[in-house]
Amino acid sequence: MHLPKTPGPIGIFDSGYGGLTIYGKIKEILPQYDFIYLGDNARSPYGSRSFDVVYEFTRQAVLRLFVEGCRLVILACNTASAKALRTIQQKDLPGWDPERRVLGIIRPTVESVDRLTQTKHIGILGTEGTVSSGSYTIEIHKLFPEISVASQACPMWVPIIENNEYSGGGADYFVKKYLDKILKEDALIDLLILGCTHYPLLINKIKEYIPERVKLLFQGEYVAESLADYLKRHPEMDEKCTKNSNTRFYTSESPDKFAEMTSIFLKEQVKAEHINMDIYNF
């Protein structure tokens, strides 16, 4: 398999549309860089899929971005970061090209939690896949073993958002339901991590059903700042990233559907190209 060796854009991958919230923050902080955003929207959601399936789908996406010239890929998907990142880093990258990098969004998120909680009790809100993987709890306890972590899967939140019902009255029942569960499990929680890239769109609803003392952690700004710091600390990788302020969008779904959804997540419509993910299975 031949992969381009010349500098290229930074790849950003998500199983669905929520990763656009991560892309938006990264683009805001690093506007001079080139990006390729790839959404495997036809096979979304990944949240309830098995580890093996998420790994295979994520592997195909990373390969596609490498073939397109990316030397650095960000998994802007909590499920992919939880279920596939480590295997790709340890098993696949050495054979493909040990000079390329694939980074996730869980580690940059948890690095900030210690300074944001006073009670040292925090909660994770995520998809079934992210919660069942235990990845947030594992990463938090590696860095901050004294912090107590509770987790709650919120399987109805993504459908509510993708059906553009996140600000309507119908969302309230399921927003309140999952928040009540996690706060009942641990009443000392003073920080909730929105462990799915869709969830920032529910922020106004979430704030209605949590005490004022509970802070919310949005991933986008922390991931973007972490990436900027990474590129500063790794000039050899920064040199492999082109800087013409361009972005290309790919989707495994309909480009028209993608444009419609970007108006929700980016507040603007963008043009995307359709790709077939199944052929990237080396």
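Predicted model only: the values in this text are computed from it and were never measured.

A.B. asks: Account for the overall build of the protein, with residues named and values stated.
C.D. replies: Counting its regular elements, the protein contains 13 helices and 10 strands. Here the protein has a C-alpha radius of gyration of 18 Å; the compact-globule value for 282 residues is 19 Å, and the two agree. If you line up the protein on its principal axes, its C-alpha atoms span 55 × 40 × 35 Å. Taken across its 282 residues, the protein has 57% of its residues classed as buried. Here the analysis covers contacts within the protein between residues at least 6 apart in sequence; of these, 79% occur between residues at least 24 apart. Summed over its atoms, the accessible surface of the protein is roughly 12,100 Å², and 50% of this surface lies on carbon and sulfur atoms. For the protein, the separation between the mean place of its 33 positive charges and that of its 36 negative charges on side chains is 2 Å.

A.B. asks: Could you give me a rundown of the pairing of strand β3 (residues 72-75), with the residues and numbers involved?
C.D. replies: Moving residue by residue along a regular strand, the side chains alternate between the two faces of the sheet. Burial along β3 is two-sided: the face carrying Leu-72 and Ile-74 and the face carrying Val-73 and Leu-75 are both buried. When strand β1 (residues 10-14) meets β3, the two strands line up parallel, connected through four bridges. Paired with Gly-11 across the strands is Val-73, a residue of β3.

A.B. asks: Before we move on, can you summarise the sheet that holds strand β8 (residues 215-217) with the specific residues and values?
C.D. replies: Taken in spatial order, the four strands of this open sheet run β6-β5-β7-β8, and their pairing is parallel. Sheet topology places β6 (148-153) and β8 at the edges, where each strand pairs with a single neighbour. Put simply, the sheet's adjacent strands are angled 25 degrees from each other on average, direction ignored. By the bridge criterion, three bridges tie strand β7 (residues 191-194) to β8 in an arrangement that is parallel. By the bridge assignment for β8, Leu-192 is matched with Leu-216. Across the sheet, helix α9 (residues 172-185) lies against β5 (121-126), β6 and β7, angled at about 155 degrees from β6, the strand it touches most.

Rules and cut-offs
Residues numbered from 1 in each chain as written. Predicted model: local features only at pLDDT ≥ 70, side-chain atom pairs only at ≥ 80, totals over all residues. Heavy atoms only, no water. Helix = DSSP H or I, 4+ residues; strand = E, 2+ residues; numbered from the N terminus. Rg over C-alpha atoms; globule rule 2.2 N^0.38 Å. Buried < 20%, exposed > 50% of the residue type's maximum accessible area, 1.4 Å probe, protein only. Contact = heavy atoms within 4.5 Å. Areas by Shrake-Rupley, 256 points an atom, 1.4 Å probe, with all protein chains shown as cover. Lys, Arg positive; Asp, Glu negative; His and termini not counted. Charge placed at Lys NZ, Arg CZ, Asp CG, Glu CD. Pairing = 2+ DSSP bridges. Axes fitted to C-alpha atoms, helices over the stretch in contact; angles between N-to-C directions.

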